[in-house]
Amino acid sequence: MANQKTRLAAFCSGTGSNFQSLYNAINARDLPAEFALCLSNRSECGAISFAKQHGIPTLHLSEKQYDTHEQFAAAMLKALKEHDIEYILLAGYLKMVPEKVVTAYTCKILNIHPALLPKFGGPGMYGINVHKAVLESGEKKSGATVHYVDPEYDKGPVLLQRNVPVEPGDTPESLAARVLKCEHQLYPDALEILLTGKDT
Ligand code: GRF
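Our subject in this report is the structure included herewith. (Residues numbered from 1 in each chain as written. Predicted model: local features only at pLDDT ≥ 70, side-chain atom pairs only at ≥ 80, totals over all residues. Heavy atoms only, no water.)

A closer look at the packing of aromatic side chains
How two aromatic rings sit relative to each other is set out by the distance from centre to centre and by the angle between their planes. Inclusion rule: Centres within 6.5 Å are what make two rings of Phe, Tyr or Trp a pair, Trp counting through its six-membered ring; a difference in plane orientation under 30 degrees is then read as stacked, over 60 as edge-to-face, and the rest as tilted. Numbering of helices and strands starts at the N terminus; helices are DSSP runs of H or I of at least 4 residues and strands are runs of E of at least 2. Partly exposed residues are those whose accessible area sits between 20% and 50% of the maximum for their type, while under 20% is buried and over 50% is exposed, using a 1.4 Å probe and protein chains only.
Within the structure shown, the criterion is met by 5 aromatic pairs. Ring geometry for Y23 versus F50: centroids 5.3 Å apart, planes at 85°, classification edge-to-face. Separated by 27 residues along the polypeptide, Y23 in helix α1 (residues 17–28) and F50 in helix α2 (residues 46–53) bring together distant segments of the chain. Summarising the aromatic geometry, the rings of Y66 and F72 are spaced 6.2 Å apart at their centres and angled 45° between planes, so their arrangement reads as tilted. F72 sits in the buried class, given a relative accessible area of 4%. Among the aromatic residues, ring-to-ring pairing joins F19, Y23, F35 and F50 into one connected group.

Put into structure tokens, the structure is as follows:
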């Protein structure tokens, strides 16, 4: 059908500031998409509150609710199907997406990582750990990366990447704040490229 909006799911575990920036950018830039689901492994978090406030359906889905990983993966796929989701945007989702879901959504899942992948990615590289590692390495720049998700952690093809400087006297927290600000611009830019092919 013409003018149909692309249905997106946000997967979040925390504040959801990236989810919020994506939501706001869809409105501000008039992008042909809408969030049709916010899924979280936590029953309550900033992202879930934001979704509820904005009338976006929410789902608390945790592996702990199921006896087996297969049941969990099947429940996730069922929910995505029920909500007719086309793309999944990971926004601070601290769990691995089951391989069955990654396979079903090949090239249709994006993640944002708070560093310049392939550096400073992989198991253990999340949250403040990333920024500590960047500072310890003596790198002069950091940044953010939006990449497609494949079964290997933080290894999928890069869609968009942007640098920020590492400043003298930076702490992991000050660097994290600078990178997060960059993320809030980068993820909407990547979504726009995904939806419209437009190079922002
Ligand atoms: C961001 O730094 C993102 O890169 C990482 O987790 C953080 C999530 O922050 N994957 P928020 O929940 O979007 O505020």
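We are not done yet, so read on.
Some details on the pairing of strand β5 (residues 109–113)
Selection rule: Pairing between strands is defined by DSSP: at least two bridges between them are needed. The definition of a right-handed crossover adopted here requires that, viewed with the strands pointing away, the path from the first strand over the helix to the second runs clockwise.
In terms of burial, β5 is a largely internal element, 5 of the 5 residues being buried. Of the two faces of β5, both are covered, the one formed by I109, N111 and H113 as well as the one formed by L110 and I112. When strand β4 (residues 87–90) meets β5, the two strands line up parallel, connected through 3 bridges. The residue of β5 that forms the bridge with L89 is L110. The parallel pair β4 and β5, bridged by helix α4 (residues 99–104), forms a crossover whose chirality is right-handed. In terms of strand pairing, β5 meets strand β6 (residues 141–148) through 4 bridges, oriented antiparallel. Paired with N111 across the bridge in β6 is H147.

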